[in-house]
Amino acid sequence: MSATEMNSCQGSSARHVVHRSRFRLTFGLLAINLCLSSCSNAPSVLEPRGPAAAQLAQLWWVLFTIATIVFVIVLALLGYGLFRSRRQAGNGGIGNGRWFVGIGGALIPALVLVGVMVYTVGIQSVLSTPADPALTIQLIGHQWWWEVYYPDQSFTTANEVHIPVGQPILFKLTSADVIHSFWVPQLQAKMDLLPGQTNTTWLTADQPGVYLAECAEYCGLQHAHMRLLIVAEAQERVDAWVANEKKAAVTVPTDPVLVQGQQIFFGSACVYCHTIRGTVASGQIGPDLTHIASRRTLGSGMFENNTGYLSGWIVNAQALKPGNKMPPMYLNADSLHALVAYLQSLQ
Ligand code: CUA
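A brief report on the enclosed structure follows. (Residues numbered from 1 in each chain as written. Predicted model: local features only at pLDDT ≥ 70, side-chain atom pairs only at ≥ 80, totals over all residues. Heavy atoms only, no water.)

So, about the sheet that holds strand β2 (residues 145–150). A sheet is described by the order of its strands in space; here five strands give the open sequence β3-β2-β1-β5-β8, paired in mixed fashion. Since the sheet does not close on itself, it has two edges, and those belong to β3 (155–158) and β8 (199–203), each with one partner. Geometrically, the sheet is characterised by an average inter-axis angle of 25° between neighbouring strands, direction not taken into account. Summarising the sheet, strand β1 (residues 135–142) and strand β5 (residues 169–175) pair through seven bridges and their orientation is parallel. Within the sheet, the bridge partner assigned to I137 lies in β5 and is F171. Relative to β3, helix α5 (residues 235–246) is tilted by about 100°, and along the sheet it contacts β2 and β3. (Pairing = 2+ DSSP bridges. Helix = DSSP H or I, 4+ residues; strand = E, 2+ residues; numbered from the N terminus. Axes fitted to C-alpha atoms, helices over the stretch in contact; angles between N-to-C directions. Contact = heavy atoms within 4.5 Å.)

Another point: the packing of aromatic side chains. Per the counting criterion, the structure on display carries twelve aromatic pairs. The interplanar angle of 80° and the centroid separation of 6.3 Å between the aromatic rings of F265 and F266 together place this pair among those described as edge-to-face. Judged by its relative accessible area of 27%, F266 is partly exposed. An aromatic cluster is defined as three or more aromatic residues linked by ring pairs; in this entry it consists of W60, W61 and F64. Positioned above the aromatic ring of W183, the side-chain terminus of K190 is 4.5 Å from the ring centre. (Phe/Tyr/Trp six-rings, centres within 6.5 Å; stacked < 30°, edge-to-face > 60°. Buried < 20%, exposed > 50% of the residue type's maximum accessible area, 1.4 Å probe, protein only. Lys NZ or Arg CZ within 6 Å of the ring centre and 35° of its normal.)

As a further point, take the packing of helix α8 (residues 307–320) against helix α9 (residues 333–344). Helix-helix packing: each pair is described by the crossing angle between the helix axes and the interaxial distance. In the contact formed by α8 and α9, the axes pass within 10 Å of each other and the chain directions differ by 120°. Judged by the angle between their axes, α8 and α9 are oblique. Between α8 and α9 the crossing geometry is right-handed. Each of T307, L310, S311, I314 and V315 in α8 lies in contact with α9, whose residues at this interface are L336, L339, V340, L343 and Q344. Its residues placed into classes, the contact of α8 with α9 shows seven nonpolar, three polar and no charged. (Parallel < 35°, antiparallel > 145°, perpendicular 65-115°, else oblique. Left-handed = near helix turned anticlockwise from the far one by under 90°. Nonpolar A, V, L, I, M, F, W, Y, C, P; charged D, E, K, R; others polar.)

Two elements in contact, helix α2 (residues 51–83) and helix α4 (residues 97–123), have axes separated by 10 Å at closest approach and are oriented at 170°. Here α2 lies roughly antiparallel to α4, going by the angle between them. Between α2 and α4, the residues in contact are Q55, L56, Q58, L59, V62, L63, I66 and L77 and F100, V112, V116, Y119, T120 and I123, respectively. Grouping the amino acids of the contact of α2 with α4 by side-chain chemistry returns eleven nonpolar, three polar and no charged.

By the element assignment, C270 lies in helix α7 (residues 270–273). Each C-alpha atom, one on C270 and one on G283, is 8.3 Å from the other, the two residues being 13 residues apart in sequence. Not counting residues within four places of it along the chain, the set of residues in contact with C270 comprises F265 and M329.

Below, the structure is given as structure tokens:
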């Protein structure tokens, strides 16, 4: 090999090393960035705000501690095996090999696993239903939104529930299409919504706040955009919210713009899919819109409920949430303005 060939060979291997370390650096930074960005918004199971979630968080810490101890012991043994001198190896290593394998490889793991199983089965009691829930809420999963029904107060809404803080709430879960799963990371364990069957779960929120619930069972294209808000607040505020939700909408508005908006609603495809109680609109395919303006989000927790997103959603919901059942609407600016104004009057 000539000197030039050797130089170019060393040069290329040096370039490889530089490339590899750059790749590692980029990959490492990307991983840290992904972790930090996901950590910032997502509700964490390690920040429980209710008794059921607190038990699950405790289970997580117990399992994490046991796993860490086992990991450290195994690494120590591996290090011992790798770095002990040959003379020690010739003597047969740690004590009598068979005893060591029997105790360290079978007995101790069996005790740990049985212990963990007993503890985990004990935690399953968090899924059992309290005898006397303060409130019952029925959730019906749809691709990709949550129908909400309060059976004792007998009204329907969507994608947002309000519950009194500090009280056990019973949830009855079912699905209108495929399997979904109800999960509030900070409040309770996951429970599936199955078509043709009613499952139950319960939760208590110890502190007031807005908790994010997510669908935890892959259910199609927009599975990641199937969110529900759990608003935990004082009993008086829940009572006021329930009283408002139970009311029907105004049958005939007085404002001429709202009258125009309502006529556009009745005269277009909206009326076939949505219900506005108190009016002729009684469609069952999409969310109930009787109090759409009082909800915090649009598209099942995807967007803030404001004029911009509401207009965009009406004109072309497919661009915002591809695959959902809402077709595009062809409206001129004047009609869109009136329709949005009417929907925003539905407080
Ligand atoms: Cu519904 Cu995933």
